[in-house]
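Fold and geometry: a report
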Amino acid sequence: MSAVIEEHHDDHHHGPDKGILRWVFTTNHKDIGTLYLWFSFLMFLTGGCMAMVIRAELFQPGLQIVQPEFFNQMTTMHGLIMVFGAVMPAFVGLANWLVPMMIGAPDMALPRMNNYSFWILPFAFSMMLSSLFMEGGAPNFGWTFYAPLSTEYAPPSVTFFIFAVHLMGISSIMGSINVVVTILNLRAPGMRLMQMPLFVWTWLITAYLLIAVMPVLAGVVTMMLMDIHFGTAFFSAGGGGDPVLFQHVFWFFGHPEVYIMILPAFGVVSAIIPTFARKRLFGYDSMVYATASIAFLSFIVWAHHMFTVGIPIAGELYFMYATMLIAVPTGVKVFNWVATMWRGSMSFETPMLFAIAFVILFTIGGFSGLMLAIVPADFQYHDTYFVVAHFHYVLVPGSVFSIMAAAYYWLPKWTGNMYDESLGKTHFWLSFIGVNVTFFPQHFVGLAGMPRRIPDYALQFADYNMISSMGAFLFGFSQLLFLFIVIKCIRGGKKATSQVWEGAHGLEWTIPSPAPYHTFSTPPEDLREAHG
Amino acid sequence: MPSEDTYESYYVPHNSMLPIFASLGIFLTVYGVGNMLNEAKAGIDSSFGMLVFLTGGLLLGGTLFAWFSKVIAENHAKMYSDQMNRSYVWGMSWFIFSEVMFFSAFFGALFYVRMFVVDWIGGEGDRGPSGMLWPDYTPAWPMLETPDPSRFPGPHEVMSPWGLPLINTVLLVTSSFTVTIAHHGIKEGNRQKLNLWLALTIALGVVFLFVQAYEYYHAYTELGLTLSSGIYGTTFFMLTGFHGAHVTLGTFMLAVMMGRALKGHFDAEDCFGFEAAAWYWHFVDVVWLGLFIFVYVLGG
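Residues numbered from 1 in each chain as written. Chains lettered and ligands numbered in written order. Predicted model: local features only at pLDDT ≥ 70, side-chain atom pairs only at ≥ 80, totals over all residues. Heavy atoms only, no water.

Moving on to the overall build of chain A. Assigned secondary structure in chain A consists of 17 helices and zero strands. Principal-axis analysis of the C-alpha atoms gives chain A an extent of 65 × 60 × 45 Å. With 532 residues in all, chain A has 66% of them scored as buried. Once local pairs closer than 6 in sequence are excluded, the contacts in chain A between residues at least 24 apart make up 82%. By element, 69% of the accessible surface of chain A is carried by carbon and sulfur atoms, the whole surface being about 18,000 Å². (Helix = DSSP H or I, 4+ residues; strand = E, 2+ residues; numbered from the N terminus. Buried < 20%, exposed > 50% of the residue type's maximum accessible area, 1.4 Å probe, protein only. Contact = heavy atoms within 4.5 Å. Areas by Shrake-Rupley, 256 points an atom, 1.4 Å probe, with all protein chains shown as cover.)

Have a look at this one:
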């Protein structure tokens, strides 16, 4: 006990430690946020390279570059890495950096567990990526790992995939508990829930979703593990189980998961648009209620991913109507963003460009989602490139654009330097063109009947696939420019002021740029700025 | 600049080596288990997986021990404010919620199988190929005969709820009361009451586990009810097995609390460690009631 007290009193420095061990031992929310963001960017590039392999193979019909077995491993790993390694950790990184600053807290509620949540991830992803070099190859059953492809017919590396998912789940659950507890317990005295910035609200709800569904994912991979190694019959009809059971449990996790990847994006955009429209966010209360409604609905729509497996007609109708209901709260959000911009004094810095592109392109992805929700139509669209186009529209110009918008928006606060605006705009336009050239033609080939997850295709799809691949290469290489801009900004640039953006509101803009290593060691008293 | 522990006397811990060792430990643990499973499946005689698993398990266990010791020591050094203690209370509540969701997945699987799959494989609702694959299969629950008995030989009989499971129900429900009485002991400052009733709770937990082990032995040797005897055995053993694992963890937590109680820890104002273990214990009790109703009574 005495050792603890001594250590406590000896330590009177407040800056970061020197060297690499700073990052390994840190309990500081800003350091851990930075770790999450860099890790996510590394995974984004890794998953991106896999996407480049996929698009290179699909550049022309026929087999040119890789064998079908390896192609399947690429689609599987690309999906898993982007979902669990790139998008989710990026949002956790943003939460780490921003939530304590936005609510006037000194740090996250459980700082050591915060470090634990992060450092599990590099181990988990090393294990998953190492399966590429194992006998029998990496997982090759698609990111949704449907049984029995992922059980009876899976390569031996599936065991390590299962444990990697367990580790990611443990990391996510601990990270989410930390976010929820921080928001509920560490708000500055006097800050009511309905005064919190919308980013904090969306993360509170996202964290709730994560705590609710990551254990279900752990459950389903455990069932797989038991079926593979211990002779259980969860997904074997011969033993009285059912492969469709896998899909039900998986999508009970999987549907809330897609909202986990978009709700924090809503929060980011709700912070950026008011700043550059120089108006308060239109309909704050309705934004909060819409977010909660989307989260609630996400639990009761899962079987719309399974319309073609043969569920009873009453079930199909129920899941169709329930799914369409989600368009209502989502529509509320889109209209609120548009109303915020309406007659605003707008300027178009890079974060705003990404945010506006988000609103437009995410809405396109939302509409194609509505098309997919219609049961009889879905029988045609199911497992075609139309589905690929749909979820890439909500995930790339949706989630990923919002993460980039957030990076540009808060980089000056993080680094103390302004990024290079003209390079940022170049990055935006290259990305915007690249994304649309890549994914828009996929709607057409999908409607024409091209199936997803295949290395070869009929000649009639050749032109659009070539266009799509060229767009993908453009988008992929543009991200190296992003890396360059971020590094340039860290190394120097025009000094940023505290407020950074003329129209910015919120507690994080009341502290100096770069944000000091420890902020709000005493709680802020003036909360007028809190609600962005 | 004010010191970082002046925020409502909120203590932000300094750099810590604990999490990285815990990360390495948990990784080695699962990597070792993965290797053991794959070695067994491929018929490779190797102790590599076991060695990695043991190294990882020791590292993880040792780190967690150091971690909890440090938190307790910090608490005793009065470094935590009331607000900070609330973080632990919230954290434990949400952790239990995540455990509830984990069990939901397995209960959901049981309900889905019973409500739909049994009849569908039996041919109800024009389910097509299963009728062609297994024309002799007749749907029933408990599923004594599986569609493919050569691969999944069904049990002769399933566990009756009114024998061992009823005893276990009585044991576990009683233990929820005894742990509450022990809690009252803390609140009243009656150490003897705390020690006695907590010891009794732990004893009830241990007896529960022995009865369950005997039940499993009975199922495997006499009833032919095993993990691989089709979906009945699958759901039976996975639900009761995960519950048993949680009882084991809960008993371990209570045993740690017993050790702390004997060292004089806990008083009426400061006993969250004990309360967290007690909450966890009530949670495993409630799960058991669900198991008793849905697995044993309605499923037997």
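Once you've had a look at it, read on.
All right, on to the overall build of chain B then. Helix and strand content of chain B: eight helices and zero strands. Listing every helix and strand of chain B by position from the N terminus yields α-α-α-α-α-α-α-α. Projected onto its principal axes, the C-alpha coordinates of chain B cover approximately 80 × 45 × 35 Å. Buried residues in chain B amount to 50% of all 300 residues. When contacts within chain B are restricted to residue pairs at least 6 apart in sequence, long-range pairs at least 24 apart make up 71% of them. With an accessible surface of roughly 13,700 Å², chain B has 69% of that area assigned to carbon and sulfur atoms. Each charge class in chain B can be summarised by its mean position, and for the 12 positive and 23 negative side chains these summaries are 8 Å apart. (Lys, Arg positive; Asp, Glu negative; His and termini not counted. Charge placed at Lys NZ, Arg CZ, Asp CG, Glu CD.)

A word on the packing of helix H3 (residues 29–57) of chain A against helix H5 (residues 111–130) of chain A. All names here are of chain A. Where H3 meets H5, the closest approach of the two axes is 10 Å, and the angle between their N-to-C directions is 15°. In this view, H3 runs roughly parallel relative to H5, as classed from their interaxial angle. In this structure, the crossing between H3 and H5 has a hand that is left-handed. Side by side, H3 and H5 meet where His29, Ile32, Leu35, Tyr36, Phe39, Met43, Thr46 and Met50 of the first sit next to Pro111, Asn114, Asn115, Ser117, Phe118, Trp119, Leu121, Pro122, Phe125 and Leu129 of the second. Across the contact of H3 with H5, the residue classes break down as 13 nonpolar, five polar and no charged. (Axes fitted to C-alpha atoms, helices over the stretch in contact; angles between N-to-C directions. Parallel < 35°, antiparallel > 145°, perpendicular 65-115°, else oblique. Left-handed = near helix turned anticlockwise from the far one by under 90°. Nonpolar A, V, L, I, M, F, W, Y, C, P; charged D, E, K, R; others polar.)

What follows covers the packing of aromatic side chains. All names here are of chain A. Considering all chains together, one arrives at 84 aromatic pairs over all chains under this definition. When the centroid spacing of 6.2 Å and the interplanar angle of 90° are considered together, the rings of Trp143 and Trp251 count as edge-to-face. Within this pair, whereas Trp143 is found in the loop between H5 and helix H6 (158–185), its partner Trp251 is found in helix H8 (residues 243–260), the two being separated by 108 residues in sequence. Judged by relative accessible area, Trp251 falls into the buried class, the value being 6%. Look at Phe234 and Phe235: their rings are 6.1 Å apart centre to centre, the planes differ by 45°, and that puts the pair in the tilted class. Just as Phe234 is buried, Phe235 falls in that class too. Taking the ring centre of Trp23 as reference, the NZ or CZ of Arg22 above it sits at 4.3 Å. (Phe/Tyr/Trp six-rings, centres within 6.5 Å; stacked < 30°, edge-to-face > 60°. Lys NZ or Arg CZ within 6 Å of the ring centre and 35° of its normal.)

Tracing the backbone through its elements, the reader meets Thr27 of chain A in the loop between helix H2 (21–25) and H3. Discounting chain neighbours no more than four positions away, the residues touching Thr27 of chain A are Ile32, Asp107, Pro111 and Arg112 of chain A together with Pro13, His14, Asn15 and Ser16 of chain B.

On to helix H15 (residues 385–415) of chain A, then. All names here are of chain A. The largest bend in H15 is about 40°, located at Tyr409, with the proline Pro412 one to four residues further on. Within H15, 30 of the 31 residues are buried, which leaves it mostly tucked inside the rest of the structure. Sitting at the amino-terminal end of H15 is Thr384, which places a side-chain oxygen 3.1 Å from the backbone nitrogen of Phe386. Immediately beyond the C-terminal end of H15, within one or two residues, lies Gly416, with a positive phi of roughly 85°. (Bend = angle between axes of the 7 residues up to and from the residue. Polar contact = N/O pair within 3.5 Å; in protein donor to acceptor, adjacent residues only side chain to side chain.)

Attention shifts here to the interface of chain B and chain A. Of the residues lining the interface, 76 residues belong to chain B; the matching set on chain A comes to 81 residues. Summed over both sides, the interface of chain B with chain A buries roughly 7,000 Å², with 71% coming from carbon and sulfur. On the surface where chain B and chain A come into contact, there are two salt bridges. A salt bridge links Glu74 of chain B to Arg112 of chain A; the nearest nitrogen and oxygen atoms lie 2.9 Å apart. The interface formed by chain B and chain A holds 12 residue pairs in polar contact (both at pLDDT 80 or more) in total. Looking at the side of chain B that touches chain A, the element that brings in the most residues is helix H3 (residues 82–121) of chain B, giving 20 residues. Residues belonging to the side of chain B that touches chain A are distributed by class as follows: 48 nonpolar, 19 polar and nine charged. (Buried area = accessible area lost by both parts, 1.4 Å probe. Salt bridge = Lys/Arg side-chain N within 4 Å of Asp/Glu carboxyl O.)

Take the domain arrangement of chain B next. In many reports, interface size means the accessible area that the parts give up when they come together. All names here are of chain B. Considered domain by domain, chain B is made up of domain 1 (1–80) and domain 2 (81–297). Domain 1 and domain 2 are separated by 26 Å when their C-alpha centres are compared. At the junction of the two partners, domain 1 supplies 11 residues and domain 2 supplies 10 residues. Of the roughly 930 Å² buried where domain 1 meets domain 2, counting both sides, 52% is carbon and sulfur surface. (Domains from an automatic or database assignment.)

Two side chains bearing opposite charge may form a pair once their charged atoms approach each other closely. All names here are of chain A. Taken as a whole and judged by the stated rule, the model has nine salt bridges over all chains. Its salt-bridge partner being Arg278, residue Glu502 comes within 2.4 Å of it at the nearest N-O pair. Of this pair, Glu502 sits in the segment after helix H17 (462–491) while Arg278 sits in the loop between helix H9 (263–277) and helix H10 (284–298), placing them 224 residues apart in sequence. Residue classification places Arg278 among the partly exposed residues on the basis of a relative accessible area of 31%. Notably, a salt bridge pairs Arg452 with Asp383, separated by 3.7 Å at the nearest N-O pair.

By secondary structure assignment, the location of Ser23 of chain B is in helix H1 (residues 18–42). Between the C-alpha atoms of Ser23 of chain B and Thr63 of chain B, which are 40 residues apart in sequence, the distance is 9.6 Å. The residues touching Ser23 of chain B, leaving out its near neighbours within four places in the chain, are Tyr116, Trp119, Ile120 and Phe123 of chain A.

The peptide bond linking Ala147 of chain A to Pro148 of chain A adopts the cis configuration, its omega dihedral lying at 5°. As for its placement among the helices and strands, Pro148 of chain A is situated in the loop between H5 and H6. Between Trp141 of chain B and the following residue, Pro142 of chain B, the backbone shows a cis peptide bond with an omega angle of 0°. When you line up the elements, Pro142 of chain B lands in the loop between helix H4 (129–133) and helix H5 (164–188). For Arg343 of chain A, which is not glycine, the phi torsion reads 55° and is therefore positive. Turning to its location among the elements, Arg343 of chain A is positioned in the loop between helix H12 (327–341) and helix H13 (350–373). Given the relative accessible area of 74%, Arg343 of chain A is considered exposed.

Within the largest apolar cluster, 282 residues are counted, with the highest numbers of intra-cluster contacts made by Phe84, Phe161, Trp337 and Trp410 of chain A together with Phe274 of chain B. Here this core spans two domains, since at least three of its residues come from each of domain 1 (1–80) and domain 2 (81–297) of chain B. The residues contacting Trp337 of chain A, other than those within four sequence positions of it, are Phe266, Val269, Ser270, Ile273, Leu281, Met287, Phe358 and Val359 of chain A. One finds Leu372, Ala377, Phe386 and Val387 of chain A within the second-largest nonpolar core, a separate group that totals five residues. (Core = buried A, V, L, I, M, F, W, Y, C linked by side-chain atoms within 4.5 Å.)

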